[in-house]
Each structure stands twice: as structure tokens, then as C-alpha cells.
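# Structural overview
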Amino acid sequence: MTVTLRDGDLVLEPTSGSAEFTGFAIVLDGERVGTVALRTESSDICSIRWNSRIEQPFLVARALRLALQHAFTALAVGRVEVRLPVGSTRDIRAASMGGLRREGIIRLPGERPDQLLMARLVDDPPSDTSAGFTAILNAGLPTKRVIGQGLVRDERGRVLLCELTYKREWDLPGGVIEVGEAPSVGLVRELEEELGVTVEVHDLITVNWLPAWRGWDDACIFLFDLGIVDSSITQDMSLQPSEIKAVHWCEPDEVRDRATAAAIELLAAIETGHVPTYREAPKAAE
């Protein structure tokens, strides 16, 4: 039999109960202000949903915490999950405060909004502890894409650019840095994978922020000096065919004709000799 759940002035009063469905009324200071329900999806998983007139997410979170605890103890499940429209800011905040972690985006066809998948496991640390709070924030805070690129010149001062398979413009050698990987280390790895060469990373030239462009999210480029090398190095490169069509030593005119707008603007700034440690690239035309 489902029991009443309490947290001070907030009470969950049972409204229905079965092997598959457990419903509660959310009662605050004696007034019914919403509902919360648990539905069994499998032997170890249930879903949670709610509907509330409460404006403050932290009050809804109190109700969710009571329902989650009931799911883990009385229903003996190991996972509780919810799918929320990505634009439901108040419900997403309430779910986070209640202890559910963001896990990913579920894409839907047509005009239906994509859904955010959130869940809590029975052995997740309590949300009011340091470990639990950190885990929830790590799952929900925005992340910034980081790209490591290298400036390589030959004995004639030409710049090395890569002709790519996935966009028409040429770009500086490098690539996206993995989670937990230092930008300089990731740059070395990317050039080993894509060009088949091992480089020595010198000083950081600049950090260049790129606005969103052609469907790509915004990113920060860490541009490193890779020094001056003999132009014949390209003859020994082993190009990754899925990403690199060819490499080219480019004079300034060819850079302006072939490179991405961000690379053109960045290399032009470098030529002036006045490149700040941090800079923001202007939004390029689509």
C-alpha cells in the first residue's frame, strides 16, 4: 500500500497505486498544487513525471526528492528517468535540484521539440553532498569545444594548410581536443593521426574564440607555434583519407583565396605582429 510522504509543509498524498503506476498529489500547506507519478518501465527502471502550479523550482524539487526516494526504497528500482522538452527550463531546473542528472538529448522528427533525458541511479551520491552536487553540475553545465591548431612555416615563410574532406575551405592543421586532454597534447595527437608526423609544440600564440558557423557550435582555438620546418616534410606525411585530402604550402595570396574566414583573419593579425593572448574572431558569413 502506498503511504503518504512528507517533507515539512510539503506532502505527497497517494492518489493511485498499482504494479505499474504510483501517483501522488503534491500538497503544500494543505493546498493541492500538483501531481507526481512513477511508472514502472522494467524490473529495475521507472519513469517519473509531474505537473505543478508551483512557480519555484526548489519546491517542486522537494516533491521530486520524496518521489525518488520512494522509488528506490518501496519500489526497489535502480534507476528513475524523465524526458523533458529541451525548452522546459523550469522543469529541467527542478529536476536538477531534485537530484536527476542530464544524460543527453533525444532527437525527435518533425515539429516536435527534442527531449532532454535526465535520470538518477540508486547509488548516485545524495544531491546535498559535495560529490552529488558536483556530479549534477558537471552533467548540466555548458561545455566549450576546444580546438588545437598549429602554425607551421617552411624555409620560405609559407604557411601549411590542410585541404579537408568535410568543408571546401582549407584550414590550419589540428583538430578537436578530447575531454580531459591538454590542448598541446591533443594537437600532437591530431597531427600524428591526420598527417602521420610528430611535432614539437613551442609557445602558445593566441587563444581565438570562434562564433557558431554553418551548424558548428562556437569554439576556442588554441593556436601554437610549431616552428619552421623543411618544406619536404610534406612528402613523408601519411594523410588520414577520411579527413585530409591534401596539404599545401601557401603564400599570403593563396591563404586569402583558400583558407577559412577565421584562418584568414587570424593569420592576417599574426602578420601585423600585434596578436593579443586572447582574441575573438568576427562572425563569418555563412
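Computed from a predicted structure; not experimentally measured. (Residues numbered from 1 in each chain as written. Predicted model: local features only at pLDDT ≥ 70, side-chain atom pairs only at ≥ 80, totals over all residues. Heavy atoms only, no water.)

With that settled, the discussion passes to the pattern of salt bridges. Pairing of side chains with opposite charge becomes possible as their charged atoms draw close. Tallied over the full model, the rule gives 19 salt bridges. A salt bridge links Asp154 to Arg158; the nearest nitrogen and oxygen atoms lie 2.7 Å apart. Considered together, Asp154 and Arg158 belong to a single accessibility category, that of buried residues. Here Arg168 ties to Glu169 by a salt bridge, and the two come within 3.7 Å at their closest N and O atoms. Looking at Arg168, the relative accessible area reads 65%, which means it is exposed. Classification of Glu169 as buried rests on a relative accessible area of 11%. Taken together, the salt bridges that share partners define one network made up of Glu181, Arg189, Glu190 and Glu193. (Salt bridge = Lys/Arg side-chain N within 4 Å of Asp/Glu carboxyl O. Buried < 20%, exposed > 50% of the residue type's maximum accessible area, 1.4 Å probe, protein only.)

Applying the stated criterion across every chain, the model contains 0 disulfides. The closest cysteine sulfur to the non-disulfide-bonded Cys162 is located on Cys250, 9.6 Å from its own sulfur. By relative accessible area, which is 2% here, Cys162 ends up buried. On the accessibility criterion, Cys250 (2% relative accessible area) is buried. (Disulfide = S-S within 2.5 Å.)

To continue, consider the packing of helix α1 (residues 57–73) against helix α2 (residues 89–98). The geometry of α1 relative to α2 is characterised by a closest axis approach of 8 Å and an angle of 50° between their N-to-C directions. On the basis of their axis angle, the class for α1 and α2 is oblique. Note on packing geometry: the crossing formed by α1 with α2 is right-handed. Contact with α1, carried on its side by Pro57, Phe58, Val60, Ala61, Leu64, Arg65 and Leu68, involves Arg90, Arg93, Ala94, Ala95, Met97 and Gly98 of α2 and no other residues of that element. Here the residues of the contact of α1 with α2 sort into 9 nonpolar, 1 polar and 3 charged. (Axes fitted to C-alpha atoms, helices over the stretch in contact; angles between N-to-C directions. Helix = DSSP H or I, 4+ residues; strand = E, 2+ residues; numbered from the N terminus. Parallel < 35°, antiparallel > 145°, perpendicular 65-115°, else oblique. Left-handed = near helix turned anticlockwise from the far one by under 90°. Contact = heavy atoms within 4.5 Å. Nonpolar A, V, L, I, M, F, W, Y, C, P; charged D, E, K, R; others polar.)

What follows covers the pairing of strand β10 (residues 159–164). Of all 6 residues that make up β10, 5 are buried, and the element is covered over most of its length. As defined by bridge partners, β10 adjoins strand β15 (residues 244–250) across 6 bridges and the pair is classed as antiparallel. Across the sheet, residue Leu161 finds its bridge partner in β15, namely His248. Linking β10 to strand β11 (residues 170–171), which pair antiparallel, is a turn of 5 residues. (Pairing = 2+ DSSP bridges.)

On to the nonpolar core. Soluble globular proteins tend to pack their nonpolar side chains together in the buried interior. Core analysis: the largest hydrophobic core is formed by 32 residues, its most contacted members being Leu12, Ile26, Val36, Ile48, Trp50, Val80 and Met118. Elements that contribute at least two residues to this core include exactly β2 (10–17), β3 (21–28), β4 (31–40), β5 (45–52), α1, β6 (79–85), α2 and β8 (115–121). Here this core gets 9 residues from one element, more than from any other, and that element is α1. Filtering out sequence-adjacent residues up to four positions away, Val36 remains in contact with Leu12, Thr22, Gly23, Phe24, Ile26, Ile48, Arg49, Trp50, Leu64 and Ala67. In terms of nonpolar packing, the next biggest core, distinct from the first, is built from 18 residues, Leu151, Leu267, Ile270 and Ala281 among them. (Core = buried A, V, L, I, M, F, W, Y, C linked by side-chain atoms within 4.5 Å.)

Located in the positive-phi region is Asp29, a residue other than glycine, with phi close to 55°. Note on Asp29: relative accessible area 62%, which makes it exposed. One non-glycine residue, Ala76, adopts positive backbone phi at about 60°. Tracing the backbone through its elements, the reader meets Ala76 in the loop between α1 and β6.

A few words now on the sheet that holds β6. Spatial ordering of the open sheet is given by β1-β2-β3-β4-β5-β6-β8-β7, a layout of 8 strands whose pairing is mixed. The open sheet terminates on both sides in strands that have one partner only, identified here as β1 (5–7) and β7 (101–106). In this sheet, adjacent strand axes meet at a mean angle of 25° when their direction is disregarded. Inspection of the sheet shows β3 paired to β4 by 8 bridges, in the antiparallel sense. The residue bridging Phe21 from the neighbouring strand is Arg39, located in β4.

This part takes up helix α4 (residues 183–194). Between its first and last C-alpha, α4 extends 16 Å over 12 residues, near the 16 Å set by a 1.5 Å rise per residue. Listing the buried residues of α4 in full gives Gly186, Leu187, Val188, Arg189, Glu190, Leu191 and Glu194. Next to the buried residues of α4 lie β9 (145–153), β12 (174–176), β14 (219–228) and β15. Backbone geometry just after α4 places Gly196 at a positive phi near 75°. (Expected span 1.5 Å × (residues − 1).)

The next subject is helix α3 (residues 130–140). Restricting attention to buried positions, one finds in α3 the residues Gly132, Ala135 and Ile136. One face of α3 carries all of its buried residues, which in axial projection span an arc of 95°. Pointing more than 90 degrees away from the buried face of α3 are the exposed residues Ser130 and Asn138. Buried positions along α3 lie against α2 and β7. (Arc of directions from axis to C-beta.)

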